[in-house]
Amino acid sequence: MTTPLCTQLGIRHPIFGFSHSVDVSIAITRAGGFAVLGVARDDPEHIARSIRQIRLAVGDRPFGVDLMFPRLAGDETDVEQVRKKIPAEHQAFVDHLTQKYKVPPATKPHFFTETVRSEALFSAQLSAVLESDANLVAAAVGVPAEVIEQVKRRDKVALALVGAVKHAKAAIDADVDILVAQGYDAGGHTGPVGTFTLVPQIIEAANGLPVIAAGGVGHGRQIAASLAMGAQGVWLGTAWLTTHELHLQDALVDSLITARSEDTVLTRSHSGKSCRILKSGWTEEWSSLEAPEPLPMPYQQALTGPLVAAVEEHGVKGLLYTPAGQSVAWFNQRESVDDVFNRLLDETQMALNCMRRNLGAS
């Protein structure tokens, strides 16, 4: 199963896998897909080290890196500067959650306690990626034309994730090579339009540019449907959360395995921007009448960073959560990345065969 985009990139299968894990990225690449390592939470040194690890493991096979370029409410570069602007009522609410769930302080370094999202950080992250030998750079939550220009100047493939036709047109004007049409169903930061409404609109606006379908894809029937609409691949992130290679906490994996599509929710409580995450005590608390409105990025993560770091480190079940899409319903057991690939490819082939039979019968 291949598409022109697979041939262009030098991969076997039209499955693009997004993950923050080096091990998952290596496994996706070896399985014949295209891995995209999310590094928006990493400092430049960590980014360079992760890319070297993947390259050493996969040889000359291609892979990409995903960065975020969101619009920010402030331009501070220091965590303490940001925290000075946090309203007292917001800090009081987070302190209340800390006491209510008896969360011990974090003892390990964490991105959200030591770093603030800023233009300076984005620039440093981009420099680390451009200086690496990653083959593709994906721009998410914003597609600055100057970033795309720098990516293409380094002879790297430029990809943009878009959630609306207007975003696609801006990305095309910036001269991107590939578009990912990411619908409302997706985990993480996502927009208001459903995947199978959005994808055909983006394909029509793309003027022949390759389009990848993203958001809620977890079954081969959806891959077949995406290909039938004209997409040249699918983009999956939630698919890898329950894989052995990710090494996610047992409590979180257990929650994911039992979760249904309706057990995810859009909230601004994670980052200050709309983000789909797994329902938990965290989402219940932030949607309660007592909760203040989440702050805009980067202030929300500066506010909640110490608590999130402590919850993750100590595995506080009541507040543990992770970004996850509506496709979570399909991933109800621990398995390897290879297992996920094999199931998806088998299901896709069955769906395509079914389509041929149905069309032939008519």
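Our structure is the block above this text.
The rules we used
- Residues numbered from 1 in each chain as written.
- Predicted model: local features only at pLDDT ≥ 70, side-chain atom pairs only at ≥ 80, totals over all residues.
- Heavy atoms only, no water.
- Axes fitted to C-alpha atoms, helices over the stretch in contact; angles between N-to-C directions.
- Helix = DSSP H or I, 4+ residues; strand = E, 2+ residues; numbered from the N terminus.
- Parallel < 35°, antiparallel > 145°, perpendicular 65-115°, else oblique.
- Left-handed = near helix turned anticlockwise from the far one by under 90°.
- Contact = heavy atoms within 4.5 Å.
- Core = buried A, V, L, I, M, F, W, Y, C linked by side-chain atoms within 4.5 Å.
- Buried < 20%, exposed > 50% of the residue type's maximum accessible area, 1.4 Å probe, protein only.
- Expected span 1.5 Å × (residues − 1).
- Arc of directions from axis to C-beta.
- Salt bridge = Lys/Arg side-chain N within 4 Å of Asp/Glu carboxyl O.

Asker: What exactly am I supposed to notice about the packing of helix 2 (residues 22–30) against helix 3 (residues 44–58) here?
Answerer: Working note: a packed helix pair is described by the angle between its axes plus the distance between those axes. Put simply, helix 2 and helix 3 touch, their axes get as near as 10 Å, and they point 30° apart. On the basis of the axis angle, helix 2 is roughly parallel to helix 3. Between helix 2 and helix 3 lies a crossing whose hand is right-handed. Residues Val-22, Ser-25, Ile-26, Thr-29 and Arg-30 of helix 2 lie in contact with helix 3, whose contacting residues are Ser-50, Gln-53, Ile-54, Ala-57 and Val-58.

Asker: What am I meant to see in the nonpolar core here?
Answerer: Side chains of nonpolar character tend, in soluble globular proteins, to be buried together. One finds Ile-15, Leu-179, Ile-202, Leu-236 and Trp-240 to be the most contacted residues of the largest nonpolar core, which totals 64 residues. Discounting residues that sit within four places of it in the chain, Ile-202 has contacts with Val-162, Ala-164, Val-165, Ala-168, Leu-179, Ala-181 and Val-211. Counting residues in hydrophobic clusters, the runner-up holds 29 residues, among them Leu-97, Phe-112, Leu-252 and Leu-295.

Asker: I'm lost on helix 5 (residues 88–100) in this one. Help?
Answerer: Along an α-helix, residues three or four apart share an orientation, since each turn contains 3.6 residues. Here helix 5 is 13 residues long and its end C-alpha atoms lie 18 Å apart, about the 18 Å a rise of 1.5 Å per residue gives. Buried within helix 5 are the following residues: His-90, Phe-93, Val-94 and Leu-97. The arc enclosing the buried residues of helix 5, seen along the axis, measures out at 95°, which places them on a common side. Facing away from the buried side of helix 5 by over 90 degrees, the exposed positions are Ala-88, Glu-89 and Gln-99. The elements touched by buried residues of helix 5 are helix 13 (281–286) and helix 14 (299–314).

Asker: Even after reading the chapter, I still don't get the pattern of salt bridges, so can you show me in this structure?
Answerer: Side chains carrying opposite charge are able to pair once their charged atoms draw close together. As enumerated under the stated definition, the model contains 12 salt bridges in all. Notably, a salt bridge pairs Arg-83 with Glu-80, separated by 3.2 Å at the nearest N-O pair. With Arg-83 and Glu-80 both in helix 4 (residues 79–83), this residue pair falls 3 residues apart, about one helical turn. Salt bridges sharing partners connect three or more residues here, namely Lys-152, Asp-175 and Asp-177.

Asker: What's the story with the environment of Glu-313 in this structure? I'm lost.
Answerer: Structurally, Glu-313 is set in helix 14. Take Glu-313: its relative accessible area is 23%, and that puts it in the partly exposed class. Placed 81 residues apart in sequence, Glu-313 and Gln-232 show a C-alpha to C-alpha distance of 39 Å. Ignoring anything within four residues of it in the chain, the contact list for Glu-313 reads Ala-106, Thr-107, Lys-108 and Gln-249.

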